[in-house]
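Examining the three-dimensional arrangement
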Amino acid sequence: MRSVVSHTLRRLVLWTDMENKKTRMNDIQVADAISAEIGQHYKEARSNCSILPKYALNCFRVLASVICELIAVGNAPKGTLSEQIDLMLSGKILDKSTAYRLHELRDNGNKGTHPEQYREVDFDELALRSETAAIELIKTLYRLKVGKLPNDIEIADVASSELHRLGYLAMFQRDVDAMYRAGLYLQQRAEKESDGSGIIRADGYLITAAQDIEQAVLWFKCAAKEGHAGAMYQYGRYRSTREYVAEDPLYVRQEGERYLYQASEKGDADALCAMGDLYYEGSALHDQDYGEAITFFQKAAELKHPTAMASLGYMYSAGLGCEPDPQAAANMSLLAAKAGFPQAQYNVCQHYLKGNGIEQSEKEGYKWLEAAADQGYQHAQFLIAQLMIVGMDWPKYDARSLLESAVQNPDLHSQALFSLAKLERKNLKGLQSWINAAGYIQESYAAVVEEDDCHHIGPQVVELGKEVVSRLRAHVKSAGPRLDGSDLFACCLFHLSGVPLTREERNQWYIEWLDLLHHTKDDTLGALALGQMQLSRRAGLS
């Protein structure tokens, strides 16, 4: 009897296992079961995650838009994708977790589409996060549109063979889109390799990345000649903006601009925006023309290109190529800000704080300021640090860290150094704070002089410098110099009048100081005594 029961149980287990195998699905099959369109976008995004993370992020963003349309049964609310998601959430069409994941795909997709605005972002990590969110969205959508989700959904391995497939299609089938994506893959690999140190080529890439970038440009050119708009843009951008040695630079730039124009004629949003930039600045083929710049920016803005929206907002505000229109400027900047573009979020903050073209609101202004800062936009981070120095409480941020980041930005370099000096004065922690402040002031003043921007913050730097060095000199006179001489050296960075030395003057003093030590090298005690005397005289203490 026991053997019969055991045999029956084994047969039951085998039958159950067979049935499970019949009903088991992978995530690609789940996506295809929802709709062919969902399956197509989902598979394209996932298969490119590891080889083309930025491209995959854009695919995931498109997937988010298609999901919204499907859930709303073709009646998705009007507006940007962000507004659509929020309206569907408030209308209880979406639950909070689904809305959060859709926002994640949208936000990450914006970063992948415009990576130049997000230099500190790890796009590989971002693509993996989007992939995780997309997998959960597909499961939710299946339950909503198809029915009960099968048990044990497998995650299909679609990435490992994608690179081989891409190469085969590009090389042997002459598939134009595959050529374009092969170019993107090699371009991204060259960019990653060029993040390190080494010998830099004329085009800005490391010499070790030469083969990758040259092959990428070749694939872009091949696809561009076949009329692929994205490839036209990539090839045109490279030829019009990179430096060359072996070829005639003017011819190369003109060729690049012609390809950009051809891509813009095909309606490529990036190319339209690039043409706007060319007319805004003036270029190898085009004289500066703000009116034409606005025309191209407007066409790109109609395609929801956030950089174009932000540029239009600035031009409307400044009256470049048009009459000043603060309201149109604020509206355009707000559209770009809602699309997640950090520069536009910062611009919207300025509109709200000044009440320029929009009702004044510090609350709304600071909300958009935080949004831009949290995306690493250094101008926003710098403004927050400035506000913290004058007393605003912002617990989630550290003013010093924000300013040290802003120092790396050439547009903010001198101002950020000056603000670090003000921060040292505000958070006084004894003599070392004054020494640190003196160093920041000297570096800031040297940068101001080199930038020929003395009329901007130069007077303020000099005024604070006089205060700091007078405090240092008073301390040294009353308490004597430190054993390491750091306070004396700090005082030497200023003229007797308290004006900071320029970089050239400082270097000359260093040379004189080293020359003095060289001539007294055989007399250690004498060198120390003479050095102390010279330092004191130079520091205005004797």
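Residues numbered from 1 in each chain as written. Predicted model: local features only at pLDDT ≥ 70, side-chain atom pairs only at ≥ 80, totals over all residues. Heavy atoms only, no water.

Another aspect to go through is the packing of aromatic side chains. Counted under the stated rule, the structure contains eight aromatic pairs. Relative to Phe296, the ring of Tyr279 has its centre 5.7 Å away and its plane inclined at 15°; by these criteria the two rings are stacked. Taken together, the residues Tyr279 in helix 13 (residues 269-281) and Phe296 in helix 14 (residues 290-302) connect sequence positions 17 residues apart. Residue classification places Tyr279 among the buried residues on the basis of a relative accessible area of 14%. Of the residues examined, Phe296 reaches a relative accessible area of 7% and is grouped as buried. Consider the rings of Tyr280 and Tyr290, whose centres lie 5.4 Å apart with planes at 50°: the pair is tilted. (Phe/Tyr/Trp six-rings, centres within 6.5 Å; stacked < 30°, edge-to-face > 60°. Helix = DSSP H or I, 4+ residues; strand = E, 2+ residues; numbered from the N terminus. Buried < 20%, exposed > 50% of the residue type's maximum accessible area, 1.4 Å probe, protein only.)

A few words now on the side chain of Ser444. With respect to the secondary-structure elements, Ser444 resides in helix 22 (residues 431-450). Taking the relative accessible area as the measure of exposure, Ser444 reaches 0% and is therefore buried. The residues touching Ser444, leaving out its near neighbours within four places in the chain, are Ser414, Leu417, Phe418, Ile457 and Val461. (Contact = heavy atoms within 4.5 Å.)

All right, on to the packing of helix 3 (residues 36-47) against helix 4 (residues 53-71) then. The geometry of helix 3 relative to helix 4 is characterised by a closest axis approach of 8 Å and an angle of 160° between their N-to-C directions. On the basis of their axis angle, the class for helix 3 and helix 4 is roughly antiparallel. Crossing hand, helix 3 versus helix 4: left-handed. Contacts between helix 3 and helix 4 involve Glu37, Ile38, His41, Tyr42, Glu44, Ala45 and Arg46 from the former and Tyr55, Ala56, Cys59, Phe60, Val62, Leu63, Val66, Ile67 and Leu70 from the latter. Counted by class, the contact of helix 3 with helix 4 contains twelve nonpolar, one polar and three charged residues. (Axes fitted to C-alpha atoms, helices over the stretch in contact; angles between N-to-C directions. Parallel < 35°, antiparallel > 145°, perpendicular 65-115°, else oblique. Left-handed = near helix turned anticlockwise from the far one by under 90°. Nonpolar A, V, L, I, M, F, W, Y, C, P; charged D, E, K, R; others polar.)

Turning our attention to the environment of Phe220. Structurally, Phe220 can be placed in helix 10 (residues 210-225). As a C-alpha pair, Phe220 and Tyr180 span 40 residues in sequence and 5.6 Å in three-dimensional space. Once residues within four sequence positions are removed from consideration, Phe220 is found in contact with Tyr180, Gly183, Leu184, Gln187, Ala231, Gln234 and Tyr235.

Positive phi outside glycine occurs at Lys92, with the angle close to 60°. When you line up the elements, Lys92 lands in the loop between helix 5 (81-90) and helix 6 (96-113). Even without glycine at this site, Arg174 takes up a positive phi of about 55°. If you trace the backbone, Arg174 turns up in the loop between helix 8 (162-171) and helix 9 (176-193).

The next point concerns helix 10. With 16 residues, helix 10 extends 23 Å between its outermost C-alpha atoms, agreeing within 8% with the 22 Å of an ideal straight helix rising 1.5 Å per residue. Along its buried surface, helix 10 packs onto helix 8, helix 9, helix 11 (229-241) and helix 12 (249-265). Following helix 10 by one or two positions, Gly227 adopts a phi angle in the positive range, close to 90°. (Expected span 1.5 Å × (residues − 1).)

Another point: the confidence of the model for the protein chain. In this model, the protein chain carries a mean pLDDT of 85, and residues with pLDDT of at least 70 account for 89%. Predicted confidence for residues 9-19 stays below pLDDT 50, and this span has zero contacts to residues more than four positions away or in other chains. Below pLDDT 50 for its whole length, residues 523-528 participates in one contact with residues either more than four positions away or in separate chains. (pLDDT = per-residue confidence, 0-100.)

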